[in-house]
Amino acid sequence: MIPLSYNIRSIARRRFSAGATILGLAMVVAVFALVMMAATGVKKTLKGTGSPANAIFLRKGATSELVSAISRDGAKTFAADPNVAQEGGKAVASPELYVIAQVDRVDGSGPANVAFRGFTADGYNLLRKDTVKVVQGRLPREGTSEVMIGKAALGRYVGATLGGSIKKARREWPVVGVFDADGSAFDSEIWVDVEQLAQAFNRTGFYSTMTVKLRSPSDFPALKAVVDADTRFLAEVKREDDYYESVSGGLTAFITILGTIIAIFFSFGATLGAMITMYAQVASRVREIGTLRALGFRRRTVLLSFIIESLMLSLAGAVVGCAFASLFGLVKFTMVNFGTFTETRFQLSFGPNVAIGASLFAIFMGLVGGILPAIRAARIPIVEATKG
Amino acid sequence: MTTNGKSIVEIRNLRKVYTRDRQEVVVLDGINLDIAEGAFEALMGPSGSGKSTLLNLIAGIDAPTAGTLRVAGEDVSQLSEGQRAAWRARHIGFIFQFYNLLPVLSAEENVEMPLLLTSLSGAERKKRVHTALGLVGLSDRMDHTPKQLSGGQQQRVAIARALVADPTIIVADEPTGDLDRKSAEEVLQLLTTLNKTMGKTIVMVTHDAHAAEAATVQRRLDKGVLT
């Protein structure tokens, strides 16, 4: 085995070209990592919105809350099911109405689709209180147009400040509270008394969904059997986390596919850069290679040594690229969630999966860029090479 | 050093033909040669006489077109590429005209290179490297890279590298060709010592008559034929 110190010092000896190559690889790794971070962030936000201990009722076949409707009778019937948890004689259930409405952005860039969620006091107190915490102000009172807004929506829209007022559906919606839903999609929503929302938007007589707490997560199949057997209300039930994950699927796939295509195009350039650098390394070290071969190092050993050297470049690129990308770990971005067509705020999320994925991508570029120069190095005829 | 009469190199009807621009160029033509174990032989001849080619064949870095070539008890011409590499590591120590040290490694690391192909432990390798560098008088230059050494010192490091794995034969291609007179003398003195006191078989190619005088046997090649 040719010592790794030989490769490291050979790279250091040509630090300018090696540095430029590492930088090129790092840029591609950073783009790739940022794409993964965005996709992970979206998944985390939407998956985090749901809990496996909860179940959500939707209209049969509805793929999102937006196109779902549950009759009030149906909600009442299913909330009374024995598989639904009870607290103080009341079902732990939150029937909710989900409406999207256009609200002007404060930055003057026009209106955005914003989600309004109608909720009941019981639903909030029994089911949502632990995950959707009022951090400023207070809870809206029942029977009023008061609203509370998620922290990701705070200050984004005209009137969306504590003490402010949002104008919509010929009404004023005074903002009396701000809530924190721990980075989930709820954080981008505006919450209001369900009856007020139904009247303002003419959606009386039904809810969009009803979320319930299961008596135990293992009771879900039993509840599902009940709902599937009931043909009166045309409803279906899903585990809440599964539902939100399926809603995120389209957006995650969109980001991943688009980002990966961009990263792959960039990677052609970076791989070519690595290849040129490695060819230059081989060309300038012909005598060294010939000497190694004369001393008894085999072709495959020389081949491996140059591939390792290329991988060193690419791993250095991975480290720099990941370090750069991780700086964006706190960046939040807003995108239209294809599942609901509303603006949802996501946070880029840098984790081990991103680091591993980006490093594997870098290794792939290093391998592809290094293999041909390494083959050339291994094939150099010893006699000519030793004379350099 | 007197030889024991046993041949370490046996060459019979050796031919080496290169093809250049579809023209066949005969570099070595029917060479027969025996080199005794413990000999110090000089191969002389004008440029293009085939002396370096013959040395490369003996060292196993080139393959003959025809004939047999037994070195250190092995028919080198029959070995595969990989087998020849392993054979070289075991039997051949190289000294090149331009030293051929790896520029990014220290003297110590350069000398250690052939030992990386053996099963010796790190401590054993270190011990051997220090002995070899001591033999060539460079114990105080172990951490120096080739750039920090003079030409003569670099060639002495190369000699330490050639002998560190205790090879059967040391092959030297114009070992003094790039050195000033004083350094050349030191190198020749070192080779003589290796031959006389350690019994190393040395085959040296040189076009310098003075250098050849250090050898115990001088042979001349002319137009691919030993004269």
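This text goes with the structure placed above it.
None of the values given here were measured: they were computed from a predicted structure.

Procedures and definitions
- Residues numbered from 1 in each chain as written.
- Chains lettered and ligands numbered in written order.
- Predicted model: local features only at pLDDT ≥ 70, side-chain atom pairs only at ≥ 80, totals over all residues.
- Heavy atoms only, no water.
- Helix = DSSP H or I, 4+ residues; strand = E, 2+ residues; numbered from the N terminus.
- Rg over C-alpha atoms; globule rule 2.2 N^0.38 Å.
- Buried < 20%, exposed > 50% of the residue type's maximum accessible area, 1.4 Å probe, protein only.
- Contact = heavy atoms within 4.5 Å.
- Buried area = accessible area lost by both parts, 1.4 Å probe.
- Salt bridge = Lys/Arg side-chain N within 4 Å of Asp/Glu carboxyl O.
- Polar contact = N/O pair within 3.5 Å; in protein donor to acceptor, adjacent residues only side chain to side chain.
- Nonpolar A, V, L, I, M, F, W, Y, C, P; charged D, E, K, R; others polar.
- Axes fitted to C-alpha atoms, helices over the stretch in contact; angles between N-to-C directions.
- Parallel < 35°, antiparallel > 145°, perpendicular 65-115°, else oblique.
- Pairing = 2+ DSSP bridges.
- 1 Å grid on protein atoms, 1.4 Å probe; cavity = no way out; pocket = protein on both sides within 12 Å on 5 of 7 lines; lining within 4 Å.
- Points joined across faces, edges and corners; volume = space filled by probe spheres on them.

(A) Up close: the overall build of chain B. Scanning chain B from N- to C-terminus turns up seven helices and 10 strands. The C-alpha radius of gyration of chain B comes to 17 Å, within 12% of the 17 Å expected for a compact globule of 227 residues. On the principal axes, the C-alpha backbone points of chain B span a range of 50 × 40 × 40 Å. Residue burial in chain B is summarised as follows: out of 227 residues, 53% are buried.

(B) Structural view of the interface of chain A and chain B. On the chain B side, the residues contacting the 22 residues of chain A number 26 residues. When the buried area of chain A at its contact with chain B is split by residue, Arg9, Leu295 and Val383 of chain A rank highest and sum to 25% of it. Between the two partners, chain A and chain B, sit four salt bridges. Note that Glu109 of chain B and Arg9 of chain A form a salt bridge whose closest N and O atoms lie 2.6 Å from each other. Taken together, the links from chain A to chain B amount to nine residue pairs in polar contact (both at pLDDT 80 or more). Elements supplying a minimum of two residues to the side of chain A that touches chain B: α1 (4-13), α8 (286-295) and α11 (382-387) of chain A. Residue contributions to the side of chain A that touches chain B peak at seven residues, all from α8 of chain A. By residue class, the composition of the side of chain A that touches chain B is nine nonpolar, five polar and eight charged.

(C) The arrangement of the packing of α8 of chain A against helix α2 (residues 81-91) of chain B in detail. Close contact between α8 of chain A and α2 of chain B brings their axes to 7 Å; oriented N to C, the two are set at 80°. The pairing of α8 of chain A with α2 of chain B is recorded here as roughly perpendicular in orientation. For the pair formed by α8 of chain A and α2 of chain B, the contact residues are Arg293, Ala294 and Leu295 of chain A on the first element and Glu81, Arg88 and Ala89 of chain B on the second.

(D) Spatial organisation of the pairing of strand β11 (residues 190-193) of chain A. Residue and element names in this part refer to chain A. Pairing geometry for strand β6 (residues 111-119) and β11, over four bridges, is parallel. Looking across to β11, one finds that Gly118 is bridged to Val192. Pairing of strand β8 (residues 147-150) with β11 involves three bridges; the strand directions are antiparallel. Within the sheet, the bridge partner assigned to Met148 lies in β11 and is Trp191.

(E) Quick look at the side chain of Thr53 of chain B. Of note, Thr53 of chain B is situated in helix α1 (residues 51-59). The residues touching Thr53 of chain B, leaving out its near neighbours within four places in the chain, are Lys16, Tyr18, Val27, Leu28 and Asp62 of chain B.

(F) The sheet that holds strand β2 (residues 23-36) of chain B, seen in detail. Residues and elements named next belong to chain B. Ordered in space as β2-β1-β4-β5, the four strands form an open sheet in which the pairing is antiparallel. The strands lining the two open edges of the sheet, one partner per strand, are β2 and β5 (74-75). Where strand β1 (residues 7-20) meets β2, 11 bridges bridge the pair, whose relative direction is antiparallel. Among the inter-strand pairings, Val9 is bridged to a residue of β2, identified as Ile35. Across the sheet, α1 lies against β1, β2 and β4 (66-71), angled at about 120° from β1, the strand it touches most.

(G) Region of the structure containing the pattern of salt bridges. Residues and elements named next belong to chain A. Counted under the stated rule, the structure contains 33 salt bridges over all chains. Between Arg13 and Glu288 there is a salt bridge whose closest N-O contact spans 3.9 Å. Here Glu288 lies in helix α8 and Arg13 lies in helix α1, a separation of 275 residues in the sequence. Relative accessible area serves as the criterion here: at 44%, Arg13 is assigned to the partly exposed category. Of the charged contacts in the structure, one is a salt bridge between Glu172 and Lys167, with a shortest N-O distance of 3.8 Å. Given a relative accessible area of 66%, Lys167 falls into the exposed group. Each of Glu65, Glu96, Arg117, Arg128, Glu189 and Glu240 takes part in salt bridges that share partners, so that together they form one network.

(H) Highlighting the layout of surface pockets. Reported here for the largest pocket is a volume of approximately 600 Å³. Residue lining of the largest pocket: 32 residues in total, with Lys387 of chain A together with Ser52, Thr53, Asn56 and Asp173 of chain B positioned closest to the centre. Elements with a contribution of two residues or more to the lining of the largest pocket: α11 of chain A together with β1, β2, α1, β6 (92-95) and β7 (169-173) of chain B. Broken down by element, the lining of the largest pocket gets its largest block of residues, five residues, from α1 of chain B. In terms of residue class, the lining of the largest pocket is built from 14 nonpolar, 12 polar and six charged. As a volume, the second largest pocket reaches approximately 370 Å³. Along the wall of the second largest pocket there are 21 residues; nearest its centre are Asn54, Leu127, Arg128, Asp130 and Thr131 of chain A. Examining the composition of the lining of the second largest pocket, we find that four residues originate from one element, helix α4 (residues 121-128) of chain A, more than from any other. The class makeup of the residues in the lining of the second largest pocket is six nonpolar, eight polar and seven charged.

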